[in-house]
Amino acid sequence: MLDGKRVAVVVPAHDEEALIGETLAGIPEFVDRIYVVADNSQDGTGARAQQSSDGRVEVVTHPENEGVGAAIVTGYRRALDDGIDVTCVMAADGQMDPADLETIAGVVARGEVDYAKANRLFTGQAWNLMPRHRYLGNAVLSMLTKIASGYWHVADSQSGYTAIGRETLERLDLDRIYRRYGFPNDMLVHLNVWNARVRDIPSRPIYGVGERSEIKLWRVVPTIAWLLLKGFFWRLREKYVIRDFHPLVFFYFLGILLLGVGLVLGAVETILRFMGNELTTPTMILVALLLISGSQFMLFAMWFDMESNKDLR
């Protein structure tokens, strides 16, 4: 227990036979339950976890590979069934420092926030320790996640080292949350609709321990970007239209409309210019006005969104 609250750790695992034992051995004593979700592993991940002498460990096996998000949801459901107060998530590949777990889970156990997540960028070591392509991909997705989720104070969106309180977990529709690598991004979108308080906790990044990444950035980044675009419009509708009304939806609508028209018209005029047509002054002024006005509406909408969510930390 931690601060009088029962704590569980969900360990989603896919083909992590080499590292799962060390990961489980490092989980602190205050954790009451450990749910290892073997997501259709082709190696001995599940068997290795079951060999653990730690009585806290429970192994759940997915007969098919459903994705890391689905594995986490399975663990969340087990935690809810067991009445766990704080449910954490740690990867099975040893990349999450167990020394940080008490801090991440503690702020949730004490009721300071509803959801806490590790941020590997706070320490300043990430640029030197993380592979460059993953760092840059993380930076792009973190910015898109800020816009889509409304949590402008949160960074390192791809970090899956998290803790969530039972009441918040009970509110979420777990069936709606994305089941694969975009899970932590989509999770933030859903949390914002419920006005959940979210906080980043500095965490030391760990690399070079034998981990294997199956993430292909050229495929994952566009997929998550599309997921965030859909999540952005869903959040606006749910939070600012259906559950409550906020004029920022008009600013976003006008901003997107004017920017879109301005970009299309500008592209058409540029193509016509290359084809030998002359650009007229009124057309150039119209394109400039559309782009400037659209940008201003977008910036005001983002500012309204930041103000609306400034207390959710």
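Procedures and definitions
- Residues numbered from 1 in each chain as written.
- Predicted model: local features only at pLDDT ≥ 70, side-chain atom pairs only at ≥ 80, totals over all residues.
- Heavy atoms only, no water.
- Salt bridge = Lys/Arg side-chain N within 4 Å of Asp/Glu carboxyl O.
- Buried < 20%, exposed > 50% of the residue type's maximum accessible area, 1.4 Å probe, protein only.
- Helix = DSSP H or I, 4+ residues; strand = E, 2+ residues; numbered from the N terminus.
- Pairing = 2+ DSSP bridges.
- 1 Å grid on protein atoms, 1.4 Å probe; cavity = no way out; pocket = protein on both sides within 12 Å on 5 of 7 lines; lining within 4 Å.
- Points joined across faces, edges and corners; volume = space filled by probe spheres on them.
- Nonpolar A, V, L, I, M, F, W, Y, C, P; charged D, E, K, R; others polar.

A. Seen up close, the pattern of salt bridges. Considering all chains together, one arrives at 19 salt bridges under this definition. Residues Asp82 and Arg78 are paired through a salt bridge, measuring 3.6 Å at the closest nitrogen-oxygen approach. The partly exposed category is assigned to Asp82, whose relative accessible area is 25%. Its relative accessible area of 23% is what places Arg78 among the partly exposed residues. For Asp85, the salt bridge identified is with Arg166, shortest N-O distance 3.6 Å. Taken together, the positions of Asp85 in the loop between α3 (68-81) and β4 (86-89) and Arg166 in helix α7 (residues 166-171) put the pair 81 residues apart, joining distant regions of the chain. Salt bridges sharing common partners tie together Arg33, Glu58, Arg78, Asp81 and Asp82.

B. Geometry of the pairing of strand β6 (residues 162-165). Alternating positions in β6 separate into two faces, Thr162 and Ile164 on one and Ala163 and Gly165 on the other, with burial throughout. Relative to β6, β4 runs antiparallel, the two being bridged by 4 bridges. Bridge assignment links Val86 to a residue of β6, and that residue is Gly165. Bridge analysis of strand β5 (residues 115-119) against β6 gives 3 bridges, and the strand direction is antiparallel. Residue Ala116 lies in a different strand from β6, and its bridge partner there is Ala163.

C. A look at empty space enclosed by the protein. Inspection of the entire model under this criterion finds 1 cavity of 30 Å³ or more. The volume enclosed by the largest cavity comes to roughly 30 Å³. For the largest cavity, the full set of lining residues is Ser142, Thr145, Lys146, Ser149, Tyr151, Val154, Ala155, Ser157 and Leu188. Of all the elements, helix α6 (residues 132-149) adds the most residues to the lining of the largest cavity, at 4 residues. Each residue belonging to the lining of the largest cavity can be placed in one class, and the counts come to 4 nonpolar, 4 polar and 1 charged.

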